[in-house]
Amino acid sequence: MSDKKNYYWIKKGEHTTRIGLTKEAQDTLGDVKYVELPDLDSDVKKGESSGEIEAQKAVVELESPVSGKIVKVNDKLNDNPELLNGTEKDAWFFEVNN
């Protein structure tokens, strides 16, 4: 499988940094069926697993590309994991504090 560094996009905002799934990852993994997100207020470390992505072609660890405290999670993914197959605006996992 290709290098997972290209699986996630990072969008740094004024107070938080949002992490999402790239188009390349969507193409590699196929349709996302389930996602396990980190808990709110938990700490994540860059390169460590912070959840799991189950998709049509593979199951992969959700390795955080950044370190920080989880301040927001995309709760919509619990009922609609297929949002990760859509546009970058919808295909995000969580935000950490800057």
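Owing to the predicted nature of the structure, the values given are computational and were not obtained by experimental measurement.

Student: Please explain the nonpolar core as it appears in this structure.
Tutor: Within soluble globular proteins, side chains that are nonpolar generally end up buried alongside one another. Judged by nonpolar contacts, the single largest core of 24 residues is most densely connected at Y8, L21, L29, I53, L84, F93 and F94. Residue contributions to this core peak at three residues, all from strand 8 (residues 92–97). When near neighbours in sequence (up to four residues on either side) are disregarded, F94 contacts T17, R18, I19, P38, V44, S50, L62, S64, I70, K72 and V73.

Student: Help me out: how do you make sense of the sheet that holds strand 5 (residues 49–55) in this one?
Tutor: Within a sheet, each strand pairs with its neighbour through backbone hydrogen bonds, oriented either parallel or antiparallel. Strand order in the open sheet made by the three strands is 3-5-6, with antiparallel pairing throughout. This sheet does not close on itself; its edge strands, each paired only once, are strand 3 (32–36) and strand 6 (59–63). Direction aside, neighbouring strands of the sheet carry axes that sit 25° apart on average.

Student: Teacher, can you tell me more about the pairing of strand 1 (residues 8–12) here?
Tutor: In the case of a regular strand, side chains alternate between the two sheet surfaces. Relative to strand 2 (residues 16–21), strand 1 is paired through five bridges, and the arrangement is antiparallel. Paired with K12 across the bridge in strand 2 is T17. Counting the residues in the hairpin turn of strand 1 and strand 2 gives three residues.

Calculation notes
- Residues numbered from 1 in each chain as written.
- Predicted model: local features only at pLDDT ≥ 70, side-chain atom pairs only at ≥ 80, totals over all residues.
- Heavy atoms only, no water.
- Core = buried A, V, L, I, M, F, W, Y, C linked by side-chain atoms within 4.5 Å.
- Buried < 20%, exposed > 50% of the residue type's maximum accessible area, 1.4 Å probe, protein only.
- Helix = DSSP H or I, 4+ residues; strand = E, 2+ residues; numbered from the N terminus.
- Contact = heavy atoms within 4.5 Å.
- Pairing = 2+ DSSP bridges.
- Axes fitted to C-alpha atoms, helices over the stretch in contact; angles between N-to-C directions.

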